[in-house]
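Spelled out, the chains give:
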Amino acid sequence: MLPASIPSPDPVWSQFSLGPLTIHTYALCLLGGIVAAAWITDRRLRARGAAPGIAVDIAMWAVPIGIVGARIYHVLTHLDDFTGPGVDAWAWVRIWEGGNALFGSLLGGAVGVWIGCRISGLRFWSFADALAPGLLVAQAIGRLGNYVNQELFGLPTTLPWGLEIRSDAPMFPAGTPEGTLFHPLFLYEMIWNLIGVAVLLLVERRVVRRNEALLADGGTPGAGLRWGRLFGLYLIWYGLGRSWLESIRIDPTSDAPLGVPANIWTSGVAILLGIAIVVVQGRRHPEPELSVYVPGREPEDEDAEGGDAEGQTAEGGAAGAAKKAEAKKVDAESTTTKAEAEPADADASPVDPAGSK
């Protein structure tokens, strides 16, 4: 057997018993990713003036609907596994047996986020922008579960970081010699996602600083990466990564319209959608985003409006400064109006000369 830099995990790590319950390691990885994404998103939203804990409230809608969407997408792209003679009709609901698609979770999760935002009064695109970096972190953590489950690997390779797959693993390619090493796609995607986090935050920070410099020079700051633009960049980045990863992935039961795997088609749609969001939202909203709340739905607690002081400069500096500048402008106009009115009142006689005859 060829030496593998990434050895096959012991099957015992895939699940363990806790009393009458069977805990799957993959589920723990997904849970860890969800917690990380919720924490990062809540921190970013607080820095932009949202009430603490609002990300968790919205996650209560997004997570369960996202899980349903992930399962539906998997079933639709692997119909041969769930249809035909001898197949249990209830197999498609047994999500604990494996089979969750990330693209499906994005679609389902978006529906859940929309519902949660409608209830909380938060802008949908404001939440999406705050979520984008945390979503990549969550996806990176979740991919550890793919390693434990011996799935998400690519074509055979002789590279020193090749991944060893047990010959009894469900996804092991039939007819492949035992000991063959494969491209560790789960690791490639983890690295791609973490690089994406750094790229998104770096670009966002540079745009914020540029807007702050414009404001300091007396100019008008732009919209920056708000109104959904950062989430659009996330879709472009993730779609590009998945498109080349899927091209070398071994997934024998995946449907392939026109010979192209379904996930590559979806990756292309994600890229086009991301570009459309950046362009369309850029034209619709050239102005700064002064609040993450829908007008009239701001929280009554004034403490929540202050946000997280530690993250205020990096996350909401330009928008906050623009909001303050707008308030100062209104105050200045009000003061000017008063000043213009006062001399007229001072010159007026308490008795109307024309009326004293």
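Rules behind the numbers
Residues numbered from 1 in each chain as written. Predicted model: local features only at pLDDT ≥ 70, side-chain atom pairs only at ≥ 80, totals over all residues. Heavy atoms only, no water. Pairing = 2+ DSSP bridges. Helix = DSSP H or I, 4+ residues; strand = E, 2+ residues; numbered from the N terminus. Salt bridge = Lys/Arg side-chain N within 4 Å of Asp/Glu carboxyl O. Buried < 20%, exposed > 50% of the residue type's maximum accessible area, 1.4 Å probe, protein only. Polar contact = N/O pair within 3.5 Å; in protein donor to acceptor, adjacent residues only side chain to side chain. Contact = heavy atoms within 4.5 Å. Axes fitted to C-alpha atoms, helices over the stretch in contact; angles between N-to-C directions. Parallel < 35°, antiparallel > 145°, perpendicular 65-115°, else oblique. Left-handed = near helix turned anticlockwise from the far one by under 90°. Nonpolar A, V, L, I, M, F, W, Y, C, P; charged D, E, K, R; others polar. Phe/Tyr/Trp six-rings, centres within 6.5 Å; stacked < 30°, edge-to-face > 60°. Core = buried A, V, L, I, M, F, W, Y, C linked by side-chain atoms within 4.5 Å.

Draft legend 1. The pairing of strand β2 (residues 21-24), seen in detail. As judged from the 4 bridges shared by strand β1 (residues 15-18) and β2, these two strands associate in the antiparallel manner. Each bridged residue has a counterpart across the sheet, and for Q15 the counterpart in β2 is H24. Connecting β1 to the antiparallel partner β2 that follows it, the hairpin turn spans 2 residues, and G19 within it adopts a positive phi of roughly 65°.

Draft legend 2. Structural view of the pattern of salt bridges. Under the counting rule described, the total for this entry stands at 8 salt bridges. Close ionic contact of E204 with R48 constitutes a salt bridge, the shortest N to O distance being 2.7 Å. With a gap of 156 residues between them, E204 in helix α6 (residues 185-216) and R48 in the loop between α1 (25-47) and α2 (54-77) connect regions that are remote in the sequence. Taking the relative accessible area as the measure of exposure, E204 reaches 5% and is therefore buried.

Draft legend 3. Here's a closer look at the side chain of E189. Within the secondary structure, E189 is located in helix α6. A polar atom in the side chain of E189 sits 3.0 Å from the side chain of R143. Those residues within four positions of E189 in sequence are excluded, and the remaining contacts are R143, L152, Y238, R242 and L245.

Draft legend 4. Highlighting the packing of α6 against helix α7 (residues 229-246). Contact geometry of α6 with α7 gives a least axis separation of 10 Å together with a crossing angle of 155°. When the axis of α6 is compared with that of α7, the two are roughly antiparallel. Every pair of crossing elements has a handedness; the one defined by α6 and α7 is right-handed. Of the residues in α7, those in contact with L185, Y188, E189, W192, N193, I195, G196, V199, L200 and E204 of α6 are L230, L233, Y234, W237, Y238, L240, G241, R242, W244 and L245. Of the residues in the contact of α6 with α7, the class split is 14 nonpolar, 3 polar and 3 charged.

Draft legend 5. Spatial organisation of the packing of aromatic side chains. Within this structure, the stated rule accounts for 11 aromatic pairs. For the ring pair Y73 and F103, a centre distance of 6.4 Å and an interplane angle of 50° mean the geometry is tilted. Here F103 lies in helix α4 (residues 102-120) and Y73 lies in helix α2, a separation of 30 residues in the sequence. Neither residue differs from the other here; Y73 and F103 are each classed as buried. With a centroid separation of 5.9 Å and 85° between ring planes, the pair formed by F172 and F182 is classed as edge-to-face. Residue F172 is found in the loop between β3 (163-164) and β4 (181-182), and its partner F182 is found in strand β4; the two are separated by 10 residues along the sequence. For F182, a relative accessible area of 0% gives the class buried. A network of ring pairs unites the aromatic residues Y73, F103, F231, Y234 and Y238 as a single cluster.

Draft legend 6. Region of interest: the nonpolar core. Among the nonpolar cores identified, the biggest contains 37 residues, and L45, L122, F127, F231 and Y234 are the most heavily contacted of them. At the level of elements, α1, α2, α4, α5 (124-148), α6, α7 and α8 (262-284) are the ones that each hand at least two residues to this core. Per-element tally for this core: the top contributor is α5, with 8 residues. Setting aside anything within four residues of it in sequence, one finds L45 in contact with A50, I54, A55, L122, S126, F127 and A130.

Draft legend 7. Spotlight on unusual backbone geometry. Its identity is not glycine, yet Q150 carries a phi of approximately 60°, on the positive side. Along the chain, Q150 turns up in the loop between α5 and β3. Note on Q150: relative accessible area 1%, which makes it buried. Of note in this structure, W227 is not a glycine but carries a positive phi near 60°. Of the residues examined, W227 reaches a relative accessible area of 8% and is grouped as buried.

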